[in-house]
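Structure assessment
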Amino acid sequence: MSGKKGCCSKQESLSDYQRRRIEENRQKAINLRQARLLTHPYSSDKKQPETAVSVNNVIKVSGTKYIDSGGGFLIEQRTNPTEEEIGERLEPVPETDAIPLPIEYDECLECSDRIADSYLLSTFDYSVCDACREPDGQHSLITRTEAKQEYLLKDCDLDSREPPLKYISRKNPHNVRWGEMKLYLHLQIEKRALEVWGSEEKLMQEKQEREEKREVAKVKKYNKRLKELRMDVRSSLYDKTVQVHVHSYGDSEVYNEVEDNYTRTCESCGHLETYEKM
């Protein structure tokens, strides 16, 4: 009796807030227990729901395993799919009428190996593989300006003559605000120069003739400039040698008693000068 009285007195001593919290916790426990016995809410299976079986916080519902998180919700446990499930997921590949094109191979000019792609082949259309490429040697690059000066080529020789030479553009290292440089493959520039001039001897002869003409033009320009300087010097000398007239009065001094001064006249130019004596 004393125990029952103590329990009743304890319940009567609870406040309304504590009773409401106890009722909410009891309702949550009931809902959590019912959730473990329900089927998966998103399942599309229309069959009679099966009873849930819980083992070590793992609930199996309709063949699908769920993990009880302890927070009132279930987490689906991922498992490896079976062969049948994999077959169902795989979509059939649509058949097309496209015909696969055969790969075209080029022969490397250095090692004679078959190549499908390389830097020189894709950039300059020059059949050399990457293993045989010598960027600092025979496969070096040359700028457009140097090619025109060294091999006496014109713009039409590089752009209009068939086939047009390929190039790559790079920023000018001297000044980024200048135009981009055009870099050509040195071997292709040499080949194009032989096509234009016919042979290396004719190219060297033309370079020598142009060099001689350039030297003659320099001498003519120097002589012309020297002649102009001499003329300037001579003209300045003539200007400096102009003599200043000096009056010559002789004994032509005359005294004027009224004004008390003297006058004299230059014998060469007739200049009349009036002055006084102290």
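Everything discussed here concerns the structure shown above.
For the structure given in this document, a descriptive report is provided here. (Residues numbered from 1 in each chain as written. Predicted model: local features only at pLDDT ≥ 70, side-chain atom pairs only at ≥ 80, totals over all residues. Heavy atoms only, no water.)

**Some remarks on the packing of aromatic side chains**
- All told, the structure shown has 2 aromatic pairs when counted by the stated rule.
- Ring centres of Tyr-167 and Tyr-184 lie 5.5 Å apart, and the angle between their planes is 45 degrees; this geometry places the pair in the tilted category. Here Tyr-167 is found in the loop between helix H6 (155-159) and strand S8 (168-170), whereas its partner Tyr-184 is found in strand S9 (residues 181-185), with 17 residues between them in sequence.
- A residue is classified by how much of its surface remains accessible, and Tyr-167, at 35% relative accessible area, is partly exposed.
- On the basis of relative accessibility, which here comes to 1%, the residue Tyr-184 falls in the buried class.
- Ring centres of Tyr-255 and Tyr-262 lie 4.9 Å apart, and the angle between their planes is 50 degrees; this geometry places the pair in the tilted category. (Phe/Tyr/Trp six-rings, centres within 6.5 Å; stacked < 30°, edge-to-face > 60°. Helix = DSSP H or I, 4+ residues; strand = E, 2+ residues; numbered from the N terminus. Buried < 20%, exposed > 50% of the residue type's maximum accessible area, 1.4 Å probe, protein only.)

**Comments concerning unusual backbone geometry**
- That bond from Glu-162 to Pro-163 is cis: its omega, -10 degrees, falls within 30 degrees of zero.
- One can find Pro-163 in the loop between H6 and S8.
- If you check the backbone angles, Asp-125 has positive phi at about 55 degrees while not being a glycine.
- Here Asp-125 lies in the loop between helix H4 (119-124) and strand S7 (141-143).
- Phi at Leu-152 is positive, roughly 55 degrees, even though this residue is not glycine.
- Mapped onto the fold, Leu-152 is located in the loop between helix H5 (144-151) and H6.
- Classification of Leu-152 as buried rests on a relative accessible area of 11%.

**Structural notes on the pattern of salt bridges**
- For the structure shown, the criterion picks out 10 salt bridges.
- In this structure, the salt-bridge partner of Asp-155 is Arg-144, at a minimum N-O distance of 3.3 Å. Taken together, the residues Asp-155 in helix H6 and Arg-144 in helix H5 connect sequence positions 11 residues apart.
- With relative accessibility at 14%, the residue Arg-144 sits in the buried group. (Salt bridge = Lys/Arg side-chain N within 4 Å of Asp/Glu carboxyl O.)

**What about helix H7 (residues 186-197)?**
- If you check H7, its first and last C-alpha atoms are 17 Å apart, about what 12 residues at 1.5 Å a residue would give, namely 16 Å.
- Considered for burial, the residues of H7 that qualify are His-186, Gln-188, Ile-189, Arg-192, Ala-193 and Trp-197. The buried side chains of H7 occupy one side of the element, clustering within an arc of 155 degrees when seen end-on.
- Following H7 by one or two positions, Gly-198 adopts a phi angle in the positive range, close to 95 degrees. (Expected span 1.5 Å × (residues − 1). Arc of directions from axis to C-beta.)

**Focus on the sheet that holds strand S12 (residues 272-275)**
- Spatially, the 3 strands line up as an open sheet ordered S10-S11-S12, and their pairing is antiparallel. Strand pairing shows two members of the sheet lacking a second neighbour, strand S10 (254-256) and S12, which therefore form its edges. If you compare each strand with its neighbour and ignore which way they point, the axes differ by 25 degrees on average.
- Pairing analysis gives 4 bridges linking strand S11 (residues 261-265) to S12, with the strands arranged antiparallel. Within the sheet, the bridge partner assigned to Thr-263 lies in S12 and is Thr-274. (Pairing = 2+ DSSP bridges. Axes fitted to C-alpha atoms, helices over the stretch in contact; angles between N-to-C directions.)

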